[in-house]
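Letter by letter, the chains look like this.
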Amino acid sequence: MAEETLPYGRQSLDDEDIQAVVDVLKSENLTQGPAIGRFEKAVSEWCGAKHGIAMANGTATLHLAAKAMGLKHGDWLWTSPITFVASANAGRYCGASVDFVDVDPGTINLCPERLAAKLEIAEKEGKLPKIVVPVHFAGQSCDMERIHALSQKYGFRIIEDGAHALGGNYQGERIGNCRWSDVVSHSFHPVKIVTSGEGGMITTNDDELAWHIGMLRMHGITRDADRMIGESDGPWYYQQLELGYNFRMTDLQAALGASQMNKLDAFATRRREIANLYDQALAELPLRPLARDPKGISGWHLYMIRLNLKEITRTRRQVFESLRAQGIGVNVHYIPVHLQPDYMKLGFKAGMFPEAERYYEECITLPMFPAMTNEDIVRVRKALVVATGG
Ligand SMILES: *Cc1c(COP(=O)(O)O)cnc(C)c1O
């Protein structure tokens, strides 16, 4: 009998999680009830940040954080070319222009030296970015202290894209605490570290940004009399101060997310174990993992390998297809954003970000989720031996 396909990522839900959602279904409020506050508190306290602002998805958090920072037509947002399209699209939703900074060839995180060099040129051309979005690729923190130092020198703001990174740390502090940034964006899509079905959150220590993002999430409406233009008409009154959106999360989702947060430590520990087991199991194969930065511990959303294509007679595509045929649900993260047709229309071309493009040619994402067994890792190894022609 054929074995079940091992997916590249999968949520881990238990009876507690299910009961938490059922409890909301039996309650008064399906949205804007108490579960939102519980989830916001659970994430912000875990990260060590002052505020948590829950939203419909991670993409919405990136968009509204950028908008609250005043990003608009004529401004620039820079991010990594190796990320999900959402990190870059956030800038375009605000009407701004987007550019990329090539990745470090070891960690595949936004490279601080390349950022410094690009900033120097941009300053001369009068095209400095208003916002830089470092993406903690696969869960490993970017070198935030250096990126932060550059933000002080050149006056840009920082949105950390932490969609992969909840549970990880940098310099001994939890990712999400905003020590080196204005805000951190989180995603709770089912393949991410903890899930709320769909969902996202901003963590921040900035009171004004927290208020502003919260207002934009709610149509740009406030019920706070102190924030209103003129006097309040009465208890029913609200004012739209700015064009916002309905990007709220439901209580069903927040209850699931809050319940999942109770397991974050256990999930992070198991993900770390799996990564270490993979490192050992695959050490002799014609491939290599991403470089580990000793400054932090990855949240291990994903585990990627890079094929040593010169040592094998197979192409990446052949290896990928062989793994899929053997029931290993591999994936590729990511197609460089600048090579997407919708970005090439803006003038981006192949060759512009060579480290990102080289990485893309040889990367494969292996299964990684807390419920994976040690036998699953042995199964992946065996399949890789076959797939690489060994
Ligand atoms: C998942 C993800 C997001 C946001 O995704 P949503 O599906 O909108 O929650 C943003 N950036 C990266 C790098 C991601 O992986």
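Note: the structure precedes this text.
Keep in mind that what you see is a predicted model, and the values were worked out from it rather than measured.

1. Description of the side chain of Asp 293
Piece 1. Locating Asp 293 in the fold gives a position in the loop between β12 (287-289) and β13 (296-297).
Piece 2. No salt bridge is formed by the buried Asp 293; the nearest opposite charge belongs to Lys 295, separated by 4.0 Å.
Piece 3. Of the polar contacts made by the side chain of Asp 293, one reaches the backbone nitrogen of Lys 295; its length is 2.9 Å.
Piece 4. Excluding residues that lie within four positions of it along the chain, Asp 293 makes contacts with Thr 107 and Gln 140.

2. Structural notes on the sheet that holds β12
Piece 1. If you trace the 3 strands from one edge of the open sheet to the other, you get β12-β14-β15, paired in antiparallel fashion. Each having just a single partner strand, β12 and β15 (363-366) make up the two edges of the open sheet. Averaged over neighbouring strand pairs, the angle between their axes works out to 35° when direction is ignored.
Piece 2. Strand direction decides the pairing type here: strand β14 (residues 303-307) and β15, joined by 4 bridges, are antiparallel. Note that in β15 the partner of Met 304 across the bridge is Thr 365.

3. A few points about the pattern of salt bridges
Piece 1. What the rule picks out here adds up to 25 salt bridges.
Piece 2. Glu 273 is paired through a salt bridge with Arg 270; the nearest N and O atoms lie 2.9 Å apart. One end of the pair is Glu 273 and the other is Arg 270, both in helix α9 (residues 264-281) and 3 residues apart, which spans about a single turn.
Piece 3. Where Glu 321 meets Arg 317, a salt bridge forms, and the shortest distance between an N and an O atom there is 3.1 Å. With a gap of 4 residues between them, Glu 321 and Arg 317 both fall in helix α10 (residues 316-325), about one helical turn apart.
Piece 4. The class of Glu 321 is partly exposed, set by a relative accessible area of 43%.
Piece 5. Among the residues examined, Arg 317 registers a relative accessible area of 60% and is labelled exposed.

4. A short note on the packing of helix α2 (residues 34-47) against helix α8 (residues 251-261)
Piece 1. In the contact formed by α2 and α8, the axes pass within 8 Å of each other and the chain directions differ by 35°. In this structure, α2 crosses over α8, and the sense of that crossing is left-handed. Facing α2, whose interface residues are Pro 34, Ala 35, Ile 36, Arg 38, Phe 39, Ala 42, Val 43 and Trp 46, α8 presents Asp 251, Ala 254, Ala 255, Gly 257, Ala 258 and Met 261.
Piece 2. Class assignment of the residues belonging to the contact of α2 with α8 gives a composition of 11 nonpolar, 1 polar and 2 charged.

5. Digging into the environment of Gly 162
Piece 1. Note that Gly 162 resides in the loop between β5 (157-161) and β6 (169-170).
Piece 2. Sequence separation between Gly 162 and Leu 128 is 34 residues, and the spatial gap between their C-alpha atoms is 23 Å.
Piece 3. Non-local contacts of Gly 162, meaning those with residues more than four positions away in its chain, are made with His 136, Val 184, Ser 185 and His 186.

6. Describing the sheet that holds strand β7 (residues 173-174)
Piece 1. The strand order β7-β6-β13 describes an open sheet built from 3 strands, whose pairing is antiparallel. Strands at the two margins of the open sheet, each flanked by one partner only, are β7 and β13.
Piece 2. Taken together, the 2 bridges between β6 and β7 define a ladder with antiparallel strand orientation. Directly across from Asn 169, in β7, lies its bridge partner Arg 174.

7. Some details on the site of the ligand
Piece 1. Taken together, 15 residues lie near the ligand, and Gly 58, Thr 59, Asp 161, Ser 187 and Lys 192 sit nearest.
Piece 2. Within the side chain of His 164, a nitrogen or oxygen atom sits 2.8 Å from an oxygen atom of the ligand.
Piece 3. Tyr 334 is positioned with one of its side-chain polar atoms (N or O) 3.1 Å from an oxygen atom of the ligand.
Piece 4. In the complex, the protein chains occlude 92% of the 380 Å² of accessible area that the ligand would expose alone.

8. What to know about the environment of Leu 277
Piece 1. For Leu 277, the position within the fold is in helix α9.
Piece 2. Remark: the alpha-carbon pair of Leu 277 and Asn 374, spanning 97 residues in sequence, is separated by 7.9 Å.
Piece 3. Among all residues touching Leu 277, those that are not within four sequence positions of it are Arg 270, Asn 374 and Ile 377.

9. Quick notes on the packing of helix α3 (residues 58-68) against helix α7 (residues 207-217)
Piece 1. Following both chains from N to C, one finds α3 and α7 inclined at 120°, their axes separated by 9 Å at the closest point. The orientation of α3 with respect to α7, classified from their angle, is oblique. Crossing angle aside, the handedness with which α3 passes α7 is right-handed. For the pair α3 and α7, contact is made by Leu 64, Ala 65, Lys 67 and Ala 68 and by Leu 209, His 212, Ile 213, Leu 216 and Arg 217, respectively.
Piece 2. Grouping the constituent residues of the contact of α3 with α7 by class yields 6 nonpolar, 1 polar and 2 charged.

Each value, and the rule that gives it
Residue numbers restart at each chain and count upward from 1, following the sequence in its written direction. Residue-level local features of this predicted model are given only where pLDDT is at least 70; pairs of side-chain atoms are given and counted only at 80 or more, and the full residue set underlies all totals for whole chains, interfaces and linings. Side-chain numbers come from the whole structure's heavy atoms, not from hydrogens or water. Under the DSSP-based scheme used, a helix requires at least four consecutive residues in state H or I and a strand at least two consecutive residues in state E, with every element numbered from the N terminus. Each residue is assigned to one of three classes by its accessible area relative to the maximum for its type, calculated with a 1.4 Å probe on protein chains only: buried under 20%, partly exposed between the two thresholds, exposed over 50%. Charge assignment: positive for Lys and Arg, negative for Asp and Glu; neither His nor the chain ends contribute. For this analysis, a salt bridge means a side-chain nitrogen from Lys or Arg found within 4 Å of a carboxyl oxygen belonging to Asp or Glu. Pairing of N or O atoms within 3.5 Å defines a polar contact, subject to two protein rules: one partner must be a possible hydrogen donor and the other a possible acceptor, and residues neighboring in sequence count only if both atoms are side-chain atoms. Note on contacts: a residue pair qualifies if any of its non-hydrogen atoms lie within 4.5 Å across the two residues. Strand pairing is assigned whenever DSSP detects at least two bridges linking the two strands. Between N-to-C directions, angles cover 0 to 180 degrees, with each direction set by a line fitted to C-alpha atoms, over the stretch in contact for helices. For any pair of crossing helices, the crossing counts as left-handed if the nearer helix is rotated counterclockwise from the farther one by less than a right angle, and right-handed if it is rotated clockwise. Amino acid classes used here: Ala, Val, Leu, Ile, Met, Phe, Trp, Tyr, Cys and Pro are nonpolar; Asp, Glu, Lys and Arg are charged; the rest, including Gly, are polar. Whether a residue is near a molecule or strand depends on its heavy atoms: if one lies within 4 Å, it is near. The accessible surface values rely on the Shrake-Rupley method and a 1.4 Å probe; as for residues, cover is taken only from the protein chains in view. Angles below 35 degrees are treated as roughly parallel, those above 145 as roughly antiparallel, those between 65 and 115 as roughly perpendicular, and all remaining angles as oblique.

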